[in-house]
Structures are given as structure tokens and as C-alpha cells.
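# Notes for the structure review
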Amino acid sequence: MSKFIITITPPTPNGDLHIGHLAGPFLSADIFTRTQRQKGHDCVLVSYSDDYQSYMLRRGREQGREPALIGEENTRKIKISLQMAGIEIDHWMTSLDNTYFRDAVLELYHHGVNNHNIYQKNVLAPYCRACNTWGYEAFGRGQCSSCGQDSDASQCEECACAPNYLYMKNFKCKLCGGEHEWVEKEHAYLNISKNVRKLRTWLSDSAVRLNSQAFVERELAPTPQDWQITRHGDAGLDIGQPSLGKTHTWFMGMAGYIAATREHFTVNQQTPQLFDAFWRADDTTLVNFLGYDCLYSHGIAYPILLDGGPYGKKNQRLYTNMFLKLNGLNLSTSRNHAIWIRDLVSDYDTDSVRLYMALLAPEEHESDFVETQFVTWHQDFYQEKLEALTVAATHESPAFWLDGMQRNEHKLLCEVYNRWSTVTSADSFSSRNLASLSVELYELAYSRLQAQKPLYYLVALASCISAPITPTLSRQMQKRCGFNEPLILDNLINANFLDYSI
Ligand SMILES: [Zn+2]
Ligand SMILES: [Zn+2]
């Protein structure tokens with residue numbers, strides 16, 4: 001049995017979650033966790049609200065309200081949406097004014113200072129006198145210093161790099177469109193350049209998807225810039241060093257995961273020793289699910305922050321995702337081109353949404369949710385075919401689940417076993433491929449139904465394999481058809497069904 005700490009990048013609580021969030025890290029992390037638990041591994045899945053985000057400050061200013069209240073209100077909505085979509089997170093931490101969070105940030109910060117990975121220097125900072133704002137992130141915009149696309153000065157959504165405002169063209173105040181004054185201020189920096197060699201070693205083991213590897217390689221060559229980690233007059237956490245400003249939220253992500261796990265085991269579970277058992281053990285794998293635009297912090301900064309400290313992991317895996325489109329266009333809540341998770345799962349069966357989103361998961365490439373296609377699929381496949389298969393399997397009820405398998409189908413089972421082992425492995429996990437495998441098995445069973453051949457074992461196998469994606473549906477099928485899930489899983493995990501002779 002192995003241990004997994006699974007994390008989801010914290011969403012900014014300035015609105016509810018839409019289908020793009022679901023198709024991204026949330027559903028993948030949930031399916032990953034359920035899959036590892038199915039295989040008997042010990043897992044903890046955490047996330048939290050990104051309360052110290054610069055955009056929360058701007059939203060508060062726009063609405064004339066306290067950012068904390070806006071955050072609270074939206075966090076409530078986010079939690080309900082996730083619950084409605086069957087996303088089961090073990091602990092959702094509120095980071096605002098949370099001592100576990102603050103302690104973890106300070107611990108990583110001081111570890112970085114002691115390791116000479118964090119240093120201080122005077123650098124110009126953008127200030128708008130008319131608006132009395134600092135243009136570090138939500139309050140300044142221009143052309144990304146790396147790709148040239150419109151971006152804030154913190155994290156480019158287009159190319160995922162961390163733009164440097166000193167080199168951004170047409171960089172203006174977001175509120176009034178005016179020019180900034182440039183004020184020399186002391187800031188803390190994370191030293192990226194001296195860690196290039198270590199990062200390269202780390203990268204080949206940890207960044208699973210090829211586009212993530214390529215991104216980090218690009219950022220490290222030839223000589224990467226160091227990363228500004230404190231800001232003046234913006235959102236962030238006060239670390240008691242006013243001359244440096246506050247640490248911004250991108251710096252604090254890994255501390256957030258550590259703090260959420262600690263709070264979970266200490267407060268919710270009353271088993272504080274399990275925090276150490278998870279975070280400090282060599283047999284634990286840290287698995288981060290994140291949007292591609294969070295790759296700079298997770299792929300470059302956090303490995304440096306963890307290096308040589310008590311939370312440094314021998315085993316870490318990064319799973320990035322690209323963006324989901326809606327009917328061919330980018331999702332945008334400001335242009336009202338989005339579907340809220342809660343609306344979709346209210347109109348359709350939750351598991352049907354989960355399965356369809358898993359099939360569409362934009363893992364290495366963008367994908368497109370076309371509403372009319374989903375409606376057709378929901379009717380034809382999810383409702384009609386799956387019901388017909390369930391009824392047919394109920395009528396078969398063999399003595400042993402593999403009875404009915406044909407002599408020439410042994411090869412097929414070997415192939416299913418190999419594919420399932422690969423797509424559920426922490427080294428090559430893919431919720432998209434797991435969903436495809438399940439649907440292929442159901443489709444194969446449906447062709448048996450039409451040819452009036454036995455199909456029980458195929459439906460049984462498909463329902464077990466897809467249980468992490470469609471937990472309620474699989475449970476119902478198991479009940480109606482009498483599938484013995486523990487037995488089938490045991491046969492699958494140990495591959496002993498491959499010895500079954502007809
Ligand atoms: Zn860019
Ligand atoms: Zn301004």
C-alpha cells in the first residue's frame with residue numbers, strides 16, 4: 001500500500017465554478033483519488049480558497065465591499081457546486097487569517113532564507129498615484145514580456161510564464177489606464193538561476209505531461225530570471241517584514257497544501273501524527289493537479305522551496321491541464337459565455353456530466369464542450385445504451401462473473417488489464433483514457449447485445465473500471481446486476497483473471 005497527498009490548485013473565490021474548472025484539475029484529482037483508493041492506497045485530497053489573491057482586492061474595490069466577505073460568499077457557492085458534482089475533497093481550507101496557513105508560509109519562507117534561495121534587493125515597483133494602487137497583478141496590465149499577449153504582471157494565461165513588469169510593453173494601470181510612477185522598493189526574490197541543475201533532474205521525474213516538461217525546459221534556458229515573491233500595497237500575507245512587503249499568493253501555494261493537510265489531520269481527524277506519516281514519509285507521493293497557467297509556481301518555484309526541507313518529496317507528480325472551450329469559444333464569465341457546474345448537474349445526471357467531462361478532459365490539448373453533442377450523447381449512450389446493457393446483464397446472472405467469456409477473448413482481457421494498469425498508474429494517470437476505456441467496454445458489450453451473445457463480464461468489468469468516474473451509476477448497476485465489485489477488482493488488480501480458463 002502506498003500513500004498519496006493529492007492537491008488541487010486553489011480557485012480564486014471571486015465567483016462560482018464553471019464547467020472549465022470541472023474539466024480541469026477538480027474532476028481529474030477526484031477520479032485519481034478514487035482510483036488509488038479502489039486499489040487500496042492511502043490518500044488525502046486537499047484544496048483551499050485563494051483568499052490572498054490580488055484579484056480579490058480589486059473585486060472588493062469594484063463592489064465597495066470587504067474582499068473577505070466576497071470570499072466567504074463565493075467559497076460557500078464553490079463548495080456546494082463541488083458537492084453537487086460529486087467532487088469529494090477531504091479538506092477544504094479557508095486560508096484567510098488561518099494560523100496553519102501562516103505558519104506553513106513562514107516555515108517555507110525562512111527555510112528558503114536559510115538555504116540562501118531567498119534574498120532581498122531593491123527593484124522599481126509600479127505605482128498609480130491617481131488610483132493609489134500598485135500594479136503588480138490585478139491592478140496593472142500590458143503585453144506579456146515573454147509572449148507579447150495581453151497579461152497582468154504576475155501570471156500569463158497565454159504562455160504560463162511569470163511576466164516581468166519591468167519589460168512589459170504598454171504596461172498601464174488597470175483601473176484608470178494611466179501610466180505608473182516607478183518607485184524603488186526592497187523586495188524578496190527566489191533564486192531560480194542557481195537551482196537550474198536540480199530543477200532539470202526533478203523535472204524528468206515529476207512533470208508527467210510532455211507539454212509541462214517542455215515549458216519548464218524553456219523557462220530554464222538559457223538563464224532564467226529570479227522570481228519576485230513579495231509586493232507592496234497589494235494583497236498577500238504580512239510576514240512581519242514591512243520593508244519587503246507581503247508574500248503574494250503564488251508563492252504560498254505549496255504552503256497552502258501543507259497547511260490544509262495539517263489542519264485536516266489535526267482538527268478534523270484528531271490524528272495529528274498522520275500529518276507526519278503523510279508528509280515526512282519516503283513512501284508518499286505528492287500529486288499536484290493544476291491548470292497549465294499555474295505551471296511556473298508548481299514546476300519551478302515549489303521544488304526549490306521544498307528542496308532540502310522536511311517536506312521535500314522523493315516522489316512527486318505534476319498533472320497539468322489545458323483549457324476547455326464552450327461551443328468553440330473560450331469560456332468567459334464576464335461575457336456570459338459559460339455554464340455553471342451547478343446548472344449542468346441539476347439539468348442532467350451528475351455521473352453523466354462526470355463521464356462526459358472525463359472523456360473531454362483537456363489534458364495535453366484544448367477541447368471543446370458542444371452542448372448539442374452532449375445532449376445527444378446523454379440520450380443515446382448514457383440513458384438508452386447503459387440501461388439496455390443493465391437489463392441484459394440482469395437476465396444473464398452467471399455463477400461466476402467470467403462465465404460466458406469466449407475462448408478467443410482472452411487476448412482482449414490482457415489488453416484491458418494492460419491499459420487499465422497504465423491509465424490508473426500515478427506515473428501515467430489519465431482520467432480521459434480511463435473514461436475512454438470504460439466507454440469502449442460498454443460499446444463492445446452493446447455490440448454483443450445486438451449479436452445476442454453473453455455480455456455480463458464486459459458490463460461488470462466496465463462498471464468497476466468506471467466506478468471512480470461514475471460512482472453512483474456503478475453502484476446502481478452492481479446492485480441491479482449482482483456484480484461482486486470487490487471480487488472483480490481483486491481479479492483485476494492481481495491480474496489473476498488472466499489465468500481463468502474456459
Ligand atoms: Zn505570455
Ligand atoms: Zn490608475
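Let me sum up the structure you'll find in this document. Just so it is clear, the structure is predicted and the values come from calculations on it, not from any experiment. (Residues numbered from 1 in each chain as written. Chains lettered and ligands numbered in written order. Predicted model: local features only at pLDDT ≥ 70, side-chain atom pairs only at ≥ 80, totals over all residues. Heavy atoms only, no water.)

## Concerning the side chain of serine 154
Take serine 154: it is sitting in the loop between strand S7 (150-152) and strand S8 (169-173). On the basis of relative accessible area, serine 154 is assigned to the buried category, the value being 6%. Among the polar contacts listed, one links the side chain of serine 154 to the side chain of glutamate 137, at a separation of 3.4 Å. Within polar-contact distance, the side chain of serine 154 engages the side chain of tryptophan 250 at 3.3 Å. Residues in contact with serine 154, not counting those within four places in the same chain, are Tyr136, Glu137, Cys161, Ala162, Pro163, Arg231 and Trp250. (Helix = DSSP H or I, 4+ residues; strand = E, 2+ residues; numbered from the N terminus. Buried < 20%, exposed > 50% of the residue type's maximum accessible area, 1.4 Å probe, protein only. Polar contact = N/O pair within 3.5 Å; in protein donor to acceptor, adjacent residues only side chain to side chain. Contact = heavy atoms within 4.5 Å.)

## So, empty space enclosed by the protein
By the definition in use, this model includes 1 cavity of 30 Å³ or more. By volume, the largest cavity amounts to about 50 Å³. Contributing elements (two or more residues each) for the lining of the largest cavity: helix H1 (19-38) and strand S14 (315-321). If you tally residues by element for the lining of the largest cavity, the top one is H1, at 4 residues. Grouping the constituent residues of the lining of the largest cavity by class yields 6 nonpolar, 4 polar and 2 charged. (1 Å grid on protein atoms, 1.4 Å probe; cavity = no way out; pocket = protein on both sides within 12 Å on 5 of 7 lines; lining within 4 Å. Points joined across faces, edges and corners; volume = space filled by probe spheres on them. Nonpolar A, V, L, I, M, F, W, Y, C, P; charged D, E, K, R; others polar.)

## Notes on the coordination of the zinc ion (ligand 2)
Those donors, Cys128 (SG), Cys131 (SG), Cys173 (SG) and Cys176 (SG), are the protein atoms that reach the zinc ion (ligand 2), and they lie 2.2 to 2.3 Å from it. Donor residues binding the zinc ion (ligand 2) come from one chain and are separated in sequence as C-x2-C-x41-C-x2-C. With cysteine 128 in strand S4 (residues 118-128) and cysteine 173 in strand S8, this pair connects stretches of sequence that are 45 residues apart. Of the two residues, cysteine 128 and cysteine 173, neither departs from the other in class, the shared state being buried. (Donors = N, O, S within 2.8 Å, 3.2 Å for Na, K, Ca; no water.)

## Section: unusual backbone geometry
With omega at -10°, the peptide bond leading from alanine 221 into proline 222 counts as cis. Take proline 222: it is sitting in the loop between helix H6 (210-220) and strand S10 (227-228). The phi angle at asparagine 132 is positive, at roughly 55°, despite the residue not being glycine. Residue placement: asparagine 132 occurs in the loop between S4 and strand S5 (133-134). Unusually for a residue other than glycine, glutamine 452 sits at a positive phi of about 55°. By secondary structure assignment, the location of glutamine 452 is in the loop between helix H14 (431-450) and helix H15 (456-465).

## Focus on the sheet that holds strand S3 (residues 91-94)
Taking strand neighbours across the sheet as the criterion, the 5 strands line up as S3-S2-S1-S13-S14 in an open arrangement whose pairing is parallel. Only two strands of the sheet have a single partner each, and these edge strands are S3 and S14. Averaged over all adjacent pairs, the angle separating strand axes in this sheet is 20°, with direction ignored. Pairing between strand S1 (residues 3-8) and strand S13 (residues 284-291): 6 bridges, direction parallel. Of the residues in S13, the one forming a bridge with phenylalanine 4 is threonine 285. (Pairing = 2+ DSSP bridges. Axes fitted to C-alpha atoms, helices over the stretch in contact; angles between N-to-C directions.)

## Quick word on the state of the cysteines
Here the structure, examined in full by the defined rule, presents 0 disulfides. A disulfide-free cysteine, cysteine 414 has its sulfur positioned 18 Å from the sulfur of cysteine 464, the nearest such atom. Taking the relative accessible area as the measure of exposure, cysteine 414 reaches 25% and is therefore partly exposed. (Disulfide = S-S within 2.5 Å.)

## Quick word on the coordination of the zinc ion (ligand 1)
Summarising the metal site, the zinc ion (ligand 1) is bound by the protein donors Cys144 (SG), Cys147 (SG), Cys156 (SG) and Cys159 (SG), whose distances to it range over 2.3 Å. Coordination at the zinc ion (ligand 1) comes from 4 donor atoms whose angles at the metal span 107 to 111°, giving a geometry best classed as tetrahedral. Taken in chain order, the donor set of the zinc ion (ligand 1) reads C-x2-C-x8-C-x2-C. With a relative accessible area of 0%, cysteine 156 lands in the buried category. (Tetrahedral: all angles 85-135°; square planar, octahedral: opposite > 155°, others 65-115°.)

## Some thoughts on the sheet that holds S5
Ordered by their spatial adjacency, 4 strands build an open sheet running S5-S4-S9-S10, and the pairing between neighbours is antiparallel. Two strands bound the open sheet, and with one partner strand each, they are S5 and S10. Looking at chain direction, strand S9 (residues 181-190) and S10 are connected through 2 bridges and run antiparallel. Within the sheet, the bridge partner assigned to tyrosine 189 lies in S10 and is glutamine 228.

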